[in-house]
Amino acid sequence: MGPIGVFDSGFGGLTILDGIRTRMPEYDYVYLGDNARAPYGTRSFDIVYEFTLQAVKKLFELGCPLVILGCNTASAKALRTIQQTYLPNNAPDRRVLGVIRPTAEVVGTLSRTHHVGVLATEGTIKSESYKLEIEKLYPETSVVGQACPMWVPLVENNEFNKPGADYFVKDSLNKLLTQDPKIDTIILGCTHYPLLMDKIRLYCPKNITLIPQGHYIAESLQDYLHRHKEMYDRISKGGTCKYYTTESTDKFTESASVFLHERVEAEKVTL
Ligand code: DGL
C-alpha cells in the first residue's frame, strides 16, 4: 500500500492536490513539484516527456501505486506515451492519470452555446489535446484555444495579485474572445491559473462560466477509485501529505503556503 502521488512542473498542481484532499482527506498523498525546471509550457514534447517520466519514476520509488499528473502540459505531452509504452513494460501494476480528459468531460454539461474556450500554456494549446478530446466527446462543440505565456511566470514569481498581472490577464482573455465571441464556457487548462481567478473574473464577461480544474479532477478520481477496487485497496489511508521539490525548500515553503493557505515543509529531491 502507498500514497497517491500528485505531480506538477511547479506549484500549479497544488490547486489539484487541494481539490482532491478536500474531497478525500482520508488518503495519504505525496506532492512533487519540479520547481527547478519549471515552467514546462514552452518546452518540446521530448523534454516534457523525459522530465515527466523522471518525476513519475520518483513517485513510484516513493511508493505511490497511483500518480496524477496535476499538470496539463505533462498530461498533453507525456501521459499517453507513459500509459501506452512505459507502464506496460516497466510498471504494469501502477497507474498514471492526467487532468485533460476529466476536464473535457465536464464541458458537455456546462456549455449552452457549444462554443468553448481554453486558456492554457503554449504546449497544451499547440498539442490541441483539449480540442481533440472535447470534439470527440461532444462533436457539436467548437473549441478555440489561447496560449497565455505570461500567466505561469506571474504565478511562479508571486506576482499574480499585483497590478502588473492585469495587463496580461486582460490581453489573453481578449485574444480568446476575439477568436470566438460565442464562447460561454472557458476552461482554465493550466493548474496555475486558479491563482489568477480574481483578475480573470474582473476582466471576463459575467455570462461566461469559468472552469478551474481542482474540483472536477477530485470528482473524477473519486469515481475512478470506486470503479477500481484493486487500486482503492492499494492506497494507504492515514490522511497525511508529504511535499517534495527539486528547488530550494525555502522557496517552496514560502510559495506553497500561498496556494494552500497553510504552512508546509518540503524535502528536496533530485530527479
Ligand atoms: N501547471 C502546468 C499546467 O497545467 C504547467 C505550467 C508550466 O510549467 O508551464 O500546464
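Look up: the structure comes first, before these words.
We now turn to the structure provided with this report.

**Observations regarding the packing of helix α5 (residues 100-110) against helix α7 (residues 129-137)**
Two numbers describe how α5 lies on α7: the axes approach to 9 Å, and their chain directions differ by 50°. The angle between α5 and α7 places the two elements in the oblique class. Considering only the axes of α5 and α7, their crossing is right-handed. Only S129, Y130, E133, I134, K136 and L137 of α7 make contact with α5, whose side of the interface consists of I100, R101, T103, A104, E105 and V107. The class makeup of the residues in the contact of α5 with α7 is 6 nonpolar, 2 polar and 4 charged.

**Topic: the environment of G70**
With respect to the helices, strands and loops of the structure, G70 is situated in the loop between β3 (66-69) and α3 (72-77). Counting along the chain gives 185 residues from G70 to S255, while the straight-line C-alpha distance between them is 17 Å. Dropping the residues within four chain positions of it, G70 is found in contact with F7, D8, G13, I16, V99 and T191.

**Concerning the pairing of strand β9 (residues 241-245)**
β9 sits mainly inside the fold: 4 of its 5 residues count as buried. Bridge count for β9 against strand β10 (residues 266-268) is 3 bridges, and the pairing is parallel. Opposite Y243, over in β10, you have A266 as the bridge partner. Where the polypeptide runs from β9 across helix α13 (residues 249-260) and back to β10, its parallel neighbour, the crossover connection is right-handed.

Scoring rules and cut-offs
Residues numbered from 1 in each chain as written. Predicted model: local features only at pLDDT ≥ 70, side-chain atom pairs only at ≥ 80, totals over all residues. Heavy atoms only, no water. Axes fitted to C-alpha atoms, helices over the stretch in contact; angles between N-to-C directions. Helix = DSSP H or I, 4+ residues; strand = E, 2+ residues; numbered from the N terminus. Parallel < 35°, antiparallel > 145°, perpendicular 65-115°, else oblique. Left-handed = near helix turned anticlockwise from the far one by under 90°. Contact = heavy atoms within 4.5 Å. Nonpolar A, V, L, I, M, F, W, Y, C, P; charged D, E, K, R; others polar. Buried < 20%, exposed > 50% of the residue type's maximum accessible area, 1.4 Å probe, protein only. Pairing = 2+ DSSP bridges. Right-handed = clockwise from strand over helix to strand, strands pointing away.

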